[in-house]
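# Examining the three-dimensional arrangement
Chain by chain, the residues run as shown.
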Amino acid sequence: MKYTAHINVMPLSELLDPQGKAVNGGLHNLGIHQVQDVRIGKHITLTVEANTQQEAEQVTEEACKKLLANPVMESYSYTLTPAH
């Protein structure tokens, strides 16, 4: 069965996010002052072939830990749904 993993990788909240800071400054320069903070990360979509949802979760977790996120600087979260 195929599953779709939607993964969000974000910089750790304790770390400076220079890209987010630059975007926040740009928004303020455009007159959009309601935005208080910007954090920029990445969204990754994987299609995982697995026999069970638990197996698909294990594959997704392994991909995140080994390649997609740097645990020293980033956190990740994901949702897993049957692929259509």
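In what follows, the accompanying structure is described. (Residues numbered from 1 in each chain as written. Predicted model: local features only at pLDDT ≥ 70, side-chain atom pairs only at ≥ 80, totals over all residues. Heavy atoms only, no water.)

### Focus on the overall build of the protein
We apply this condition: A helix here means a DSSP run of H or I that spans at least four residues, while a strand means a run of E at least two residues long, and both kinds are numbered starting from the N terminus. We call two residues in contact whenever any of their non-hydrogen atoms come within 4.5 Å of each other. We get accessible surface area from the Shrake-Rupley algorithm with a probe of 1.4 Å; when it comes to residues, only the shown protein chains can shield them. Counted charges follow a simple rule, with Lys and Arg positive, Asp and Glu negative, and His plus the chain ends left uncounted. The location of each charge is read from NZ of Lys, CZ of Arg, CG of Asp or CD of Glu.
Per the secondary structure count, the protein includes two helices and three strands. When the elements of the protein are put in sequence order from the N terminus, they spell out β-α-β-α-β. Taken over the C-alpha atoms alone, the protein extends approximately 50 × 30 × 15 Å along its principal axes. When contacts within the protein are restricted to residue pairs at least 6 apart in sequence, long-range pairs at least 24 apart make up 72% of them. For the protein, the accessible area works out to roughly 5,900 Å², and carbon and sulfur atoms hold 56% of it. Across the protein, 6 positive and 9 negative side-chain charges occur, with their mean positions spaced 5 Å apart.

### Here's the deal with helix α2 (residues 53-68)
Operational definition: Relative accessible area decides the class of each residue, using a 1.4 Å probe on protein chains only: under 20% of the type maximum gives buried, over 50% gives exposed, and in between gives partly exposed. This arc is built from the directions going out from the helix axis to the C-beta atoms.
Of all the positions in α2, only A56, T60, C64 and L68 are classed as buried. The buried side chains of α2 occupy one side of the element, clustering within an arc of 75° when seen end-on. Away from its buried face, by an angle of more than 90 degrees, α2 presents the exposed residues Q54, K65 and K66. Of the surrounding secondary structure, the elements contacted by the buried residues of α2 are β1 (2-11), β2 (42-49) and β3 (74-82).

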